[in-house]
Amino acid sequence: MSAARFLLAGLFLISSASAQIAPVAPSEAPADAPSGIYKSVVRIEVASQVPDYSTPWNAGRFGGGIGTGFIIGKNRILTNAHVISNGRRILVNIYGSPQKYAAKVEFVAHDCDLAILSVEDFTNFEKLPVFTFGDVPQLETQVRVIGYPIGGDRLSVTRGVVSRIDFSAYSHSRADSHLVVQIDAAINPGNSGGPVVQDGKVVGVAFQGLRQADNTGYIIPTPVIKRFLKDVEDGHYDSYAELGLGDFPLFNPAMRKALKLPDDNTGVLITNVTPTGSCDGVIKPGDILMSIDGKQVDSAGMVTIDGEDVDMHEIIERKFAGNKVALTILRDGASKDFEITLKPLSWSRMYAIQYEMKPRYIMFAGLVFQPLDTNLFAASKFDDVTLRRLYGDYVPKGIFQKRPDIVVLTRVESDPLTSQLGNFAGYAVDKINGVEVKDLKHANELLHPKEKPEFFAIELFGAERPLVIPSSEVESATKRVQQAYDIEQLSNLED
Amino acid sequence: MKYSAPVLFALALTACEPPKQEAATPSAVPAASAPKPVEDRSALKQSVVRINSTLQSWNPSQPWEKNPPGQRRALAPIVGKNQVLTTGELVADATYLEFESTDGTRMLPAKVIAVDFEANLALLGPADDEKGAKFFEGTVPLELAVPPRIGDTVDILQVEENGMPLLTAGSLQSVDVITNFLEGQFFLTFEVKASMQSAASSFSLPVLHHGKLAGLLASYNAKDQLSDVTSTELLARFLQAAKTTPYAGFPSLGINTARTEDPSFRKWLKLTDDQGGLYISNVRKGGAAETAGIHKGDVLLSIGEHAIDRRGYYPHPTYGSLFWSHLVRGERSTGDVVSLGLLRDGKPLKLDVTLTRSDESKKLVPSYTFNQAPNYVVKGGLIFQELTQPLLEAFGEEWRSRAPLNLIDALENPEKYEARADRIVFLSAVIATPATIGYERLRNLVVKKVNGQEIRDMKSLAEAFKKGTDGLHSIEFEDENLTVQLDEATTSAVDKQLLQRGIPRLSRVK
């Protein structure tokens, strides 16, 4: 469990508005490439509203884009989460028909970039073929990518071979890594959510590309898709479960000697156990993880599944919250077996971009408070060392236990009361009137007590002095700022 | 690092103009900007020398070696028998200093008598007294001027390549308590407006008032035509302090302050409208203020008989509003007792503070380390260094946001470490060797223990490595539950190889 993991800047997502170039009429498809399935590849048109974390009371930016989806069952259309995220109106087109069908999101999984849509009226879709899923395609085998990328309005098909199978970053959430398959077919904006087909079966969903490299498209392989479909069987998406362990490879002979390990390239050292995580209270830092579910962990943290060396987390990837996992560790020279019940670690969403959320905030006498998250971090420029450390340590050090929210003074709106406070924006709040702030709601309670104190003294981490607001002036200042800056709501305490 | 930043040293004027043929005859036309008689100016040559300085700083990532050397020149006033005054910057990391007569005919190795990097002043003398006496024969030291007043005209003295003095008149625009070299070191400084021309390049220039030395020009902003000139008062105090060895330096209170303009904040502090006051936001450990019992949260109302206003200024009899720190650093000496008027919890309080000098070398993370070779240990390929601000600055111009967070934290919040360490010792990098297999990606980790011993500084690290256990050395890091090991036999072999491959020594511990 490392702190905020940001992706290669070069990864891009591939949904986009279509370009203005006249389409070329498609020629007859070769015999080995059945075109019957084209009709089940739909074009998805999304109007979206992206919230504005730097001005949290504003409506945000209205926009839209095009993506692809495909029918996988009765009134079930699979696409990417990023195609429909923050969507306000979703319309679906069947290949070769101008009619637009209103759709809605049934399930969305931002951590693996998948979503299931349904249309209001499925009647016209009933006769269309339904896609079935295959396995992870072999290296160097050929695949077809079907979708509605930029460059034209009509369906596009490209071909490529499987170049690499890897455990890699999913750029939509900026915080997750899962199995990916890299192919060399052209994947372009608009391809997102489209099926990647081999032998008539779907072997992946096209979802991202790499900006600084040619012919590198990434697809979400079927183990990830199947896991998502299984997860939502109970009617809602529970997301991935996590072990909540940090590890260090055990290559070094001296280190192995000190740990009294044989020279056989096995085991990794546990360096961090996330508080409240699946392994908290069971596994300790200093333990050596030897195997997961009976599969031996090598000194680089890899296990062998189906003859392939993969990251040991891949075992956990295929499980669900509530599932058990068997860990074998070495502690003080003795081998111990533990059965761990997996749970999701919701706190780690601190490091993921959030979608469909209304930014939370409080405006109090011209001071704007917001909880720290990656959306806010991306929208602001935070320089303060303490704030940046609180962010990085939030999960690994278990800061969330004491402070579920890191409340930040993000803005100081000019007003006679606050005109001297402009320099204090960008600091995290420690205490309000001597009480440590736990989360945004708590801050709101402390700022609106039953008995008004003479002053509100707000202590910020790393600031040279406390901020002081006389109670008697709060109401008038709040009113002035509300009018001057056109702030309809003084606070939003719920996502 | 430092020397590659040209902004700081805007005075490095180029010297590429060809010598003007007729200008060499001094009886020609006097320059319009300098109304002084030409004879007078020629005489000034006897009161200044050039200084050539060769500088070499240490390589921040490979502390056993130095960066490529650089050169600087300065024009410096002779201020006493065989004594020359220049900026501290000129001698910072100097490996060779040399006097040069203004006509370029004679050279002489020089040495530093006293240097104050905070005040940016240095006093130099000849390395060899006998040769020095000969070199300085016939020179006339400059006397210190009566401090000029705002609006007075002062003359900036340059000497052209051909040896001719050049005087540029400027006016003393304002007097301010600012820094012209190191961050956060504020001293009384004249702001002189003058339009200077390119002459022989120079990092310091004498500034004259009625023919006497009134200041030392330390930086020139060509765009605004404004110069920072070290004040006469500071020169006088520095020259006085330089007479005693060891050099005592200027005192400080050891506090950080915040303004109290905000009316709500004033009400909360119970400050009345006729009061000024600075909020004391931090009291440095071991400083004069802490010793005297000043607390964070006290309000500083007066220093001696001077009331401090809400922005930190007090009225100076001749210079107008000056920043409070001048009352400590500029007007008092180490050991002086000063009475401070404070407000604590709304009640007035008087405290006497015995002023001390904050010794930079005693800080957890020193902010400058000129002329000091960095401490380090290389063990089996692991490179350990002591954290200093110059090391952090090596992360580039944006170092405050780019340097590793844990190291910046130690710089900004030393109180987290001060109880258990005198220096932050950290693993700065790993050379890939047979002993460091699997450790290649470790860096910027603060060392907590080695072989079970707490690490207080580089010396304790070197000693801890001497007592290996079972042929293994263990290294524990701060903030990480990670202990890495080095095999003594492999490490010794690797260390021998590193020496063979040109690392001159595997440690420097002072």
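Check the entry above for the structure.
What comes next concerns the included structure. (Residues numbered from 1 in each chain as written. Chains lettered and ligands numbered in written order. Predicted model: local features only at pLDDT ≥ 70, side-chain atom pairs only at ≥ 80, totals over all residues. Heavy atoms only, no water.)

**Details of the overall build of chain A**
Each helix and strand counted, chain A has eight helices and 29 strands in total. For 495 residues, the compact-globule formula gives about 23 Å, and the C-alpha radius of gyration of chain A, at 26 Å, lands near that figure. Each principal axis of the C-alpha distribution contributes one length, and for chain A these read about 80 × 65 × 40 Å. A buried classification covers 55% of the 495 residues belonging to chain A. (Helix = DSSP H or I, 4+ residues; strand = E, 2+ residues; numbered from the N terminus. Rg over C-alpha atoms; globule rule 2.2 N^0.38 Å. Buried < 20%, exposed > 50% of the residue type's maximum accessible area, 1.4 Å probe, protein only.)

**Structural notes on the overall build of chain B**
For chain B, the count of helices and strands is twelve helices and 28 strands. Relative to the globule expectation of 24 Å for 510 residues, the C-alpha radius of gyration of chain B, 26 Å, shows essentially globular dimensions. With the C-alpha coordinates aligned to their principal axes, the bounding extent of chain B is approximately 85 × 65 × 40 Å. Within chain B, the proportion of its 510 residues that are buried is 53%. As displayed, chain B has an accessible area near 22800 Å², and 51% of this comes from carbon and sulfur atoms. For chain B, the distance from the average site of its 56 positive side-chain charges to the average site of its 62 negative ones is 2 Å. (Areas by Shrake-Rupley, 256 points an atom, 1.4 Å probe, with all protein chains shown as cover. Lys, Arg positive; Asp, Glu negative; His and termini not counted. Charge placed at Lys NZ, Arg CZ, Asp CG, Glu CD.)

**Here's the deal with the interface of chain B and chain A**
Counting residues at the interface gives 34 residues for chain B, matched by 28 residues for chain A. Taking both partners together, chain B and chain A bury about 2800 Å²; carbon and sulfur atoms supply 59% of that area. Together, Trp 268, Leu 405 and Asn 481 of chain B form the three largest contributors to the area buried by chain B at its contact with chain A, with a combined 21%. Where chain B packs against chain A, one counts six salt bridges. Across the salt bridge formed by Glu 473 of chain A and Lys 267 of chain B, the nearest N and O atoms sit 3.0 Å from each other. (Contact = heavy atoms within 4.5 Å. Buried area = accessible area lost by both parts, 1.4 Å probe. Salt bridge = Lys/Arg side-chain N within 4 Å of Asp/Glu carboxyl O.)

**Re the packing of aromatic side chains**
Summed over the entire model, instances satisfying the criterion amount to 32 aromatic pairs over all chains. Measuring from centroid to centroid gives 5.1 Å for Phe 135 of chain B and Phe 136 of chain B, while their planes differ by 75°, and the two rings are edge-to-face. Of the two residues, Phe 135 of chain B and Phe 136 of chain B, both sit in the buried class. Ring centres of Phe 265 of chain B and Tyr 279 of chain B lie 5.1 Å apart, and the angle between their planes is 65°; on these two criteria the pair is classed as edge-to-face. Taken together, the residues span a long stretch of sequence, with Phe 265 of chain B in helix α5 (residues 263–269) and Tyr 279 of chain B in strand β14 (residues 278–283) at a distance of 14 residues. A residue is classified by how much of its surface remains accessible, and Tyr 279 of chain B, at 7% relative accessible area, is buried. Here a set of aromatic residues connected by ring pairs shows up, and it is made of Tyr 351, Phe 377, Phe 382 and Tyr 391 of chain A. (Phe/Tyr/Trp six-rings, centres within 6.5 Å; stacked < 30°, edge-to-face > 60°.)

**Some details on helix α4 (residues 232–241) of chain B**
Extensive coverage of α4 of chain B is indicated by the burial of seven of its ten residues. Of the positions making up α4 of chain B, those classed as buried are Thr 232, Leu 234, Leu 235, Arg 237, Phe 238, Leu 239 and Ala 241 of chain B.

**Section: the side chain of Thr 271 of chain A**
Along the polypeptide, Thr 271 of chain A turns up in strand β15 (residues 268–273). On the basis of relative accessibility, which here comes to 13%, the residue Thr 271 of chain A falls in the buried class. Those residues in contact with Thr 271 of chain A that sit more than four places away from it in its chain are Gly 246, Asp 247, Phe 248 and Pro 285 of chain A together with Asn 481 and Leu 482 of chain B.

**Let's talk about helix α10 (residues 405–412) of chain B**
In terms of burial, α10 of chain B is a largely internal element, six of the eight residues being buried. All of the buried residues in α10 of chain B are Asn 406, Leu 407, Ile 408, Asp 409, Ala 410 and Leu 411 of chain B. Buried residues along α10 of chain B sit in contact with α6 (385–393) of chain A together with α8 (389–393), α9 (399–402), β23 (425–430) and β24 (445–450) of chain B.

**Here we look at the environment of Ala 419 of chain B**
All names here are of chain B. Within the secondary structure layout, Ala 419 lies in the loop between α10 and β23. By relative accessible area, Ala 419 is classed as exposed at 70%. Taking C-alpha positions, Ala 419 is 9.7 Å from Arg 456, a pair spaced 37 residues apart along the chain.

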